[in-house]
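Each chain is listed here by its residues.
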Amino acid sequence: MLVDYHTHHHRCGHATGQMAEYVETAVAAGLSEIGLSDHSPIYHLGPDPHVRPGTAMSQHEFAAYLREMDEVREQFAGRIQVRLGVESDYVLGWDEHYRELWRPHPLDYVIGSVHWLGEWNIFSPSLPEGRSPADIYQEYLHTTQAAARSGAYDILGHLDALKTRGHLAELGITPLLEETVRVIAESGVAIELNTSGWRKGLGEPYPSEAWLALCCHHGVPVTLGSDAHRPQDVGAGFAEAVALLKRVGYKSIVRFELRQQFEVPLGGI
Ligand SMILES: [Zn+2]
Ligand SMILES: [Zn+2]
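Not measured: the values here are computed from a predicted model. (Residues numbered from 1 in each chain as written. Chains lettered and ligands numbered in written order. Predicted model: local features only at pLDDT ≥ 70, side-chain atom pairs only at ≥ 80, totals over all residues. Heavy atoms only, no water.)

Participant: Explain the coordination of the zinc ion (ligand 2) to me, using residue names and the numbers behind them.
Facilitator: The zinc ion (ligand 2) binds to the protein through Glu87 (OE), His115 (NE2) and His158 (NE2); the donor distances cover 2.1 to 2.2 Å. Spacing between the donor residues of the zinc ion (ligand 2) along the chain follows E-x27-H-x42-H. A separation of 5.8 Å is found between the zinc ion (ligand 2) and the zinc ion (ligand 1). Here His158 lies in the loop between strand 7 (155-156) and helix 5 (175-187) and His115 lies in the loop between strand 4 (109-113) and strand 5 (116-117), a separation of 43 residues in the sequence. The exposure class of His115 is buried, given its relative accessible area of 7%. By relative accessible area, His158 is classed as buried at 4%. (Donors = N, O, S within 2.8 Å, 3.2 Å for Na, K, Ca; no water. Helix = DSSP H or I, 4+ residues; strand = E, 2+ residues; numbered from the N terminus. Buried < 20%, exposed > 50% of the residue type's maximum accessible area, 1.4 Å probe, protein only.)

Structure representation (structure tokens):
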């Protein structure tokens, strides 16, 4: 029983394919559940409802996104369980905004991802003016702690994504990282093992084995996501991911239904 809870489609402006094509791949791969979780609209960069067209859908598009997810779920009923989700930004200080934003919608789960430190995107090739890798690392982990505490999310996305462009100063386990994992554990929010790091040539998923082992040690629940931006990447790297989860000590993954978390034993997988 495997789930892929992190997928995108054409709406965000930098992925290809229709939602139904992602679901078809999940059926073919034998997954038990596929979660749709496109990038949520951006709110923190000013009043423009479509401030970064290549990054996320327009604020005006969200209702159509919800409707289409519902239709796709109906279309595939009896073949695969389709879960309705979204990958939301978390921006420091915007807790109330994101909590209230997602509360009214009948979503199965919300992924909270730190893509932004203020107006700086963590996938930018260079650091913001005047900032060092060490202080960016600290701000990133403090922001991750705040995301966990916010209560706005069910899953924290790609925990160490700051490494993507080489901005992660500390690759090992630091006291601040241990504190962050304790905060995540206390909050009850899950993390994801996101296999896209392997496809990006990083040689490891998000998070790294060391971070994942630390999360397991502290009892943080985990789920699985491919972060597919093309239909053919649904479920990519899952055999390696399951082996990695077992190696660091995980005995189960979690799945979600209307924002409630359920445990799925890894034993039979
Ligand atoms: Zn994306
Ligand atoms: Zn993301």
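Participant: How would you explain empty space enclosed by the protein if you had to name every residue and give the values?
Facilitator: Taken as a whole, this structure holds one cavity of 30 Å³ or more when the rule is applied. Volume-wise, the largest cavity comes out at about 60 Å³. Considering the residues around the largest cavity, the lining is formed by Gly112, Ser113, Val114, Tyr140, Thr144, Leu156, Gly157, His158 and Leu159. For the lining of the largest cavity, the secondary structure elements donating two or more residues are strand 4 and helix 4 (133-149). In terms of residue class, the lining of the largest cavity is built from four nonpolar, five polar and no charged. (1 Å grid on protein atoms, 1.4 Å probe; cavity = no way out; pocket = protein on both sides within 12 Å on 5 of 7 lines; lining within 4 Å. Points joined across faces, edges and corners; volume = space filled by probe spheres on them. Nonpolar A, V, L, I, M, F, W, Y, C, P; charged D, E, K, R; others polar.)

Participant: I'd like a description of the state of the cysteines, backed by residues and values.
Facilitator: Under the defined criterion, the tally for this structure stands at zero disulfides. Sulfur of Cys216: no disulfide; nearest cysteine sulfur belongs to Cys215 and is 8.7 Å away. (Disulfide = S-S within 2.5 Å.)

Participant: Let's hear about the pairing of strand 8 (residues 190-194): which residues, and what values?
Facilitator: Across the five residues that make up strand 8, a large majority, five, are buried. Of the two faces of strand 8, the one holding Ala190, Glu192 and Asn194 and the one holding Ile191 and Leu193 are both buried throughout. Two strands pair when backbone bridges link them, and strand 7 and strand 8 are joined in this way by two bridges, in the parallel orientation. Within strand 8, the position partnered with Ile155 by the bridge is Ala190. Viewed along the sheet, the connection from strand 7 through helix 5 into strand 8 turns out right-handed. In this structure, strand 8 lies alongside strand 9 (residues 222-225), joined through four bridges in parallel fashion. Following the sheet pairing, Asn194 is matched in strand 9 by Gly225. (Pairing = 2+ DSSP bridges. Right-handed = clockwise from strand over helix to strand, strands pointing away.)

Participant: Talk me through the sheet that holds strand 8; I want residue IDs and the actual numbers.
Facilitator: Each strand in a sheet pairs with its neighbour through backbone hydrogen bonds, running either in the same direction (parallel) or in the opposite one (antiparallel). Strand order in the open sheet formed by seven strands is 1-2-3-4-7-8-9, with parallel pairing between adjacent strands. At either margin of the open sheet sits one strand with a lone partner, and together these are strand 1 (3-4) and strand 9. Sheet topology note: the strand 4/strand 7 ladder contains two bridges and is parallel. By the bridge assignment for strand 7, Ile111 is matched with Ile155.

Participant: Which residues make up the layout of surface pockets, and what values do they have?
Facilitator: Within this model, the largest pocket holds a volume of roughly 380 Å³. Residue lining of the largest pocket: 24 residues in total, with His14, His39, His115, Phe123 and His229 positioned closest to the centre. Where the lining of the largest pocket is concerned, the elements lending two or more residues are strand 3 (81-89) and helix 6 (196-199). When its residues are assigned to classes, the lining of the largest pocket shows five nonpolar, 12 polar and seven charged.

Participant: Which residues make up the UniProt feature "domain: PHP" (unreviewed entry) in the chain, and what values go with them?
Facilitator: UniProt records the feature "domain: PHP" (unreviewed entry) for residues 4-196 in the present numbering. When the span residues 4-196 is considered, its composition is 33% helix and 16% strand, and the gap between its end C-alpha atoms is 12 Å. (UniProt positions renumbered as here; feature names shortened; annotations may be inferred.)

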